[in-house]
Amino acid sequence: MLNKGLRDEEKIRIDNVLKTLRTLIFVPYPLSHLQKSDIESQLKEFGLNVETLVNYSNQDLITLLMRLHFDWEHLEQFGDILIEFSKEENYNFEDKALAIYQYIQQESKVFSFGINSKIASAKAKK
């Protein structure tokens, strides 16, 4: 278990990586080679790349993210990133995002209308 200071530093690090990924992926046009390289670089901060993201099972991905000390908000943001990345690059990460949203809804023990809406939206895209 991390002490409070290390937990705060880890939370800030995860926040910064997710913010950078969001800005790279939420682009209104196809990604350039340089942007894809930047995305790969940011994913490496989590021990991932696009290929491993494709190959990981939903449960393995969630396990990895939890081991990296992602909180519920971080998991939700990562799910959002997967949804957007799927739109831009024709990857099919909707199932992974759906699994993350369902995990949050089940494990957080708190019902969230926002997460529930994202689950319904992800299911509708199947």
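Residues numbered from 1 in each chain as written. Predicted model: local features only at pLDDT ≥ 70, side-chain atom pairs only at ≥ 80, totals over all residues. Heavy atoms only, no water.

Participant: Explain helix 2 (residues 33-44) to me, please; I cannot follow it from the model alone.
Facilitator: Since the α-helix advances by 3.6 residues per turn, residues separated by three or four positions end up pointing in the same direction. Along its 12 residues, helix 2 runs 17 Å from first to last C-alpha, staying within 8% of the 16 Å computed at 1.5 Å per residue. Along helix 2, the residues classified as buried are Gln-35, Ile-39, Gln-42 and Leu-43. All buried residues of helix 2 fall inside an arc of 100° around its axis, so they share one side. Those residues of helix 2 that are exposed and aimed more than 90 degrees away from the buried face are His-33, Leu-34 and Lys-44. (Helix = DSSP H or I, 4+ residues; strand = E, 2+ residues; numbered from the N terminus. Expected span 1.5 Å × (residues − 1). Buried < 20%, exposed > 50% of the residue type's maximum accessible area, 1.4 Å probe, protein only. Arc of directions from axis to C-beta.)

Participant: What exactly am I supposed to notice about the environment of Leu-61 here?
Facilitator: Relative to the assigned elements, Leu-61 resides in helix 4 (residues 58-67). A relative accessible area of 0% places Leu-61 in the buried class. Each C-alpha atom, one on Leu-61 and one on Ser-86, is 16 Å from the other, the two residues being 25 residues apart in sequence. Contacts of Leu-61, omitting those with residues within four sequence positions, involve Leu-48, Leu-53, Tyr-56, Phe-78, Leu-82, Lys-96 and Ile-100. (Contact = heavy atoms within 4.5 Å.)

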